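Chain residues, written in single-letter form:
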Amino acid sequence: MKHLSLVALALFSAGALAKGPLTVEHLNQHNKVGNLALSPDGRALVYSQTNGGFAPADTSHDLYLMTLGDERQVRRLTENSSRESAVQWHPDGKSIFFLANRTGSPQLWQLALDGGEARQVTRLPLPINGFKLASDGKTLALSLTVKPGCQTLQCTLDAKAKEAERKDTALAYDQLMVRHWDHWLDQYREHLHVAVLGDAPVTDAKNLMADWNTNIAGISEVAFTPDNQQLVFSAKIPANDQAWHTNFDLFQVSINGGEKVNLTADNPAWDAKPKFSNDGRFLAYLAMKKPGAEADRFGLMLLDLITGEKKEVAPNWDRSISDFYFGLDNRTIYATTQDLGQYSIYAINTSFGDQIKLYGDGYAGNLQVGADKLVFTNHRLNMPAEIFQTNADGSQPQQLTQVNAKWAEGIQFGDFEQFSFKGAEDATVYGYLVKPWNFEPNKKYPMAFLVHGGPQGSFGNMFNERWNAQLYAAKGYAVVMVDFHGSTGYGQAFTDSISRDWGGKPLVDLQKGFAHVVQAYPWIDGNRACALGASYGGFMMNWIAGNWPDGFKCLVNHAGLYDMPSFYGSTEELWFPEFDLGGPAWNPESDYQKFNPAAHADKWQTPMLVIHGLKDYRVPYVQGLGAFTNLQRKGIDSRLVIFPDENHWILKPDNRVRWYNEVFQWLDKYTR
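So, here's what we can say about the structure. Just so it is clear, the model here is predicted, and its values are computed rather than measured.

Reading guide: rules and limits
- Residue numbers run consecutively from 1 along every chain, following the written order of its sequence.
- Thresholds applied to this predicted model are a pLDDT of at least 70 for local features of residues and 80 or more for the giving and counting of side-chain atom pairs; totals over whole chains, interfaces and linings are not thresholded and use all residues.
- Only hydrogens and water are removed before side-chain values are computed, so all heavy atoms of the structure are retained for them.
- A 1.4 Å probe that fits into a set of points on a 1 Å grid over the protein atoms alone but cannot get out defines a cavity; an open set with protein on both sides within 12 Å along at least five of seven lines defines a pocket, and lining residues are those with an atom within 4 Å of a point.
- Grid points are joined across faces, edges and corners, and a volume is the space filled by probe spheres set on the points.
- Helix and strand definitions follow DSSP, with helices as H or I runs of at least four residues and strands as E runs of at least two, each counted in order from the N terminus.
- Side-chain classes follow a simple rule in which Ala, Val, Leu, Ile, Met, Phe, Trp, Tyr, Cys and Pro form the nonpolar group, Asp, Glu, Lys and Arg form the charged group, and the remainder, Gly included, forms the polar group.
- To get an axis, a line is fitted to the C-alpha atoms, and for a helix only the part in contact is used. The angle between two axes follows their N-to-C directions and goes from 0 to 180 degrees.
- Geometric relationships in this document are graded by angle, where less than 35 degrees denotes roughly parallel, more than 145 denotes roughly antiparallel, 65 to 115 denotes roughly perpendicular, and other angles denote oblique.
- We call two residues in contact whenever any of their non-hydrogen atoms come within 4.5 Å of each other.
- We define a salt bridge as a contact between a side-chain nitrogen of Lys or Arg and a carboxyl oxygen of Asp or Glu at a distance within 4 Å.
- Per-residue accessibility, obtained with a 1.4 Å probe over protein chains only, is compared with the maximum for each type, and a residue is labelled buried under 20%, exposed over 50%, and partly exposed between these values.
- Pairing between strands is defined by DSSP: at least two bridges between them are needed.
- The rule for a disulfide is simple: a pair of cysteine sulfur atoms within 2.5 Å.
- Only buried residues count toward a nonpolar core. Its members are Ala, Val, Leu, Ile, Met, Phe, Trp, Tyr and Cys residues joined through side-chain atoms within 4.5 Å.

## Remarks on the layout of surface pockets
A water-sized probe, rolled over the atoms, reveals where empty space remains. Taken as a whole, the second largest pocket spans an internal volume of roughly 1,800 Å³. Lining the second largest pocket we find 48 residues, and of these Gln 88, Lys 132, Leu 133, Tyr 325 and Gln 368 sit closest to its centre. Mapped onto the lining of the second largest pocket, the elements with two or more residues apiece are β1 (32-38), β5 (85-89), β9 (130-133), β15 (222-224), β19 (271-276), β23 (321-326) and β27 (363-369). Looking at the lining of the second largest pocket element by element, the count peaks at 5 residues for β27. Looking at the lining of the second largest pocket residue by residue, the class counts come to 24 nonpolar, 18 polar and 6 charged.

Quick look at the structure:
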């Protein structure tokens, strides 16, 4: 009897420890870290943690202080219903600043780290979009949305009050753009302002670009000069052609206002992210070389402020830099970049251009650089974002947080691996494969064939809420993701190869990648495969429907382009189609008809699920409606799901549950 009791106990314990598949409800409950800010001495880190409600069972969003070193300790700094963002340390390391909406609009707050409550340091009559604190600890650069032409904040308030008195609801425009992503544009623009901290809360700020009818590129693209007397920011020159060019320039302006000097007038392409070295000698920034191209390679430029020499650092390094930071030696730059399916961290020598990969497992971001360490967030196909640290040379990587340890205890993720094959023009093409969560090698599994958007993008080693590969593995699918020609992280020539060839080499890569995995992994059942994609991936679903009609049992098209000429006339950022498709739609040499899925609608036969957000102004909903109309008119099994409150992405958690459930029901209908 005692023996049987022990056996029963063992079975019970095994059952209690058994892991199950990831669910979309579970996905909605994971915790998130962000807002990393390393202290000036590198001994402490402030970060935000947003709880998803699983463990701990709350949905708080607060700031935490972690002391770094052998004896790490974490202390919660805030407990407020308002979300804190944009954390920055005071230069003396004794307090932090952050934005929070605690008094009716986002304002700036200061919190001393030796105890006490946060102190409100701005009481502006307008919300603060973002801020930068100068190294003097007093001067603020602020991003505020105001009416162009207004010299004072009161002028903008008066304009808003007058607008509120209008009885009509008309929107009138004299130039493009008229809408962006999910909202119609109005008469207000995001401008750069300056204010000085004092004993009393700041109540006013000076607009440095009041006469400009354009936006700054964002507060992350603003930098104080070493003497704190000037600001450098990225923006487009005010003109009527802003919707069809990518010529962001860097401008320098005094904190007192006055002339804005164009520092990059010689480059007709995109200039971005100005940053000064700690010793004040160098200005570094990112620059593209092809006008009109939003996915050109961002090279690293360096301006010596003493000699006046300007050069590109590592011009032959075939990676596009996402972000970068100066090391404390002022001669090393630490950069993040997409790299063969990862987001890697590199150290670049500014004198010789040598590059050394320091970290390259998963997607590294939010990089913070200290004298002897690098701190960053990292996520992978089987792990939501956590905070990591390495030595400055990339050695001794360690995970600093375990905010999702309890959340992950009950989940069995699918194993994953990267593969490669010979694609179009015999080029090496990479992809990722995720096995079903309960994989058995003697079984046959259906395939979920995911096609990324962009089109200059990647489905790499990352944890994504909107296209989470593990959720398909959790449903018993082999998940295949091919980084076809046009994908990022494999060299600029590979990225450029999709431009003017939307339906060419990428389709060949997908076909060859499909054939490769079916042959290389005999447990994958190629006769039970469905393809899914969004944006350009949705375009590819429509393109596959007419150019590979017998390839899949079903298709899932989210926000896909269906009729290319009408897409040109209804999207917002015209530089994108004009570069990728050969100019305006009326250009007889353009590709709008050559790669138009609607022109091949007579060949469609594959059942398709069409999903679209009604507030999607990048790919307007009529593109999804057009595809569904064609499917219905031809008598092809199809379903249209519209989300009236979503844009190009499905962002609301409850809508995400419905989205995944619709998709899985569609896949199961044709593969089970």
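## Quick look at the packing of helix α7 (residues 505-520) against helix α8 (residues 536-547)
Here α7 crosses α8 at 75°, and the two axes come no closer than 11 Å. On the basis of the axis angle, α7 is roughly perpendicular to α8. Here Pro 506, Leu 507, Leu 510 and Gln 511 of α7 lie close against α8, whose contacting residues are Tyr 536, Met 540, Trp 543, Ile 544 and Asn 547. Class assignment of the residues belonging to the contact of α7 with α8 gives a composition of 7 nonpolar, 2 polar and no charged.

## Observations regarding the pattern of salt bridges
Across all of its chains, the model carries 28 salt bridges by this definition. Measuring nitrogen to oxygen at the nearest pair gives 3.1 Å for the salt bridge that ties Lys 373 to Asp 372. Asp 501 is the partner of Lys 505 in a salt bridge, and the nearest nitrogen-oxygen pair spans 2.7 Å. Exposure remark for Asp 501: the relative accessible area of 14% places this residue in the buried category. Here the salt bridges do not stand alone but share partners, grouping Lys 32, Glu 465 and Arg 656 into one network.

## Some thoughts on the pairing of β23
Taken together, the 5 bridges between β23 and strand β24 (residues 332-339) define a ladder with antiparallel strand orientation. Residue Phe 326 lies in a different strand from β24, and its bridge partner there is Ile 333. With antiparallel pairing between neighbouring strands as the criterion, β23 and β24 make up a hairpin whose turn holds 5 residues, including Asn 330 at a positive phi of roughly 65°.

## What to know about the environment of Pro 91
Along the chain, Pro 91 turns up in the loop between β5 and β6 (95-100). Separated by 50 residues in sequence, Pro 91 and Asp 41 have C-alpha atoms that sit 9.5 Å apart. Once residues lying within four places of it in the same chain are set aside, the contact partners of Pro 91 are Pro 40, Leu 133, Ala 134, Ser 135 and Gly 137.

## Observations concerning unusual backbone geometry
For the peptide bond that leads from Leu 176 to Met 177, omega is 5°, which places it in the cis range. Examined against the element boundaries, Met 177 turns out to sit in the loop between α3 (153-164) and β11 (179-180). Each neighbour pair has its own omega, and for Gly 454 with Pro 455 the value is 0°, a cis peptide bond. Along the chain, Pro 455 turns up in the loop between β33 (445-451) and α5 (469-474). One non-glycine residue, Trp 181, lies in positive phi territory at about 55°. Positionally, Trp 181 belongs in the loop between β11 and β12 (183-184). Judged by its relative accessible area of 25%, Trp 181 is partly exposed.

## Section: the state of the cysteines
Within the structure shown, the criterion is met by 2 disulfides. The disulfide bridge from Cys 150 ends at Cys 155, spanning 2.0 Å between sulfur atoms. The sign of the S-S torsion, about -60°, decides the handedness of the disulfide formed by Cys 150 and Cys 155: left-handed. Take Cys 150: its relative accessible area is 3%, and that puts it in the buried class. Look at Cys 155 and you get partly exposed, because its relative accessible area is 28%.

## Notes on the nonpolar core
Formed by 55 residues in total, the largest nonpolar core has its most connected members in Phe 449, Val 482, Trp 502, Met 540 and Phe 552. Ranked by residue count, the leading element in this core is α8, at 7 residues. Membership of the second largest hydrophobic core comes to 42 residues, among which are Leu 22, Ile 411, Tyr 472 and Trp 659.

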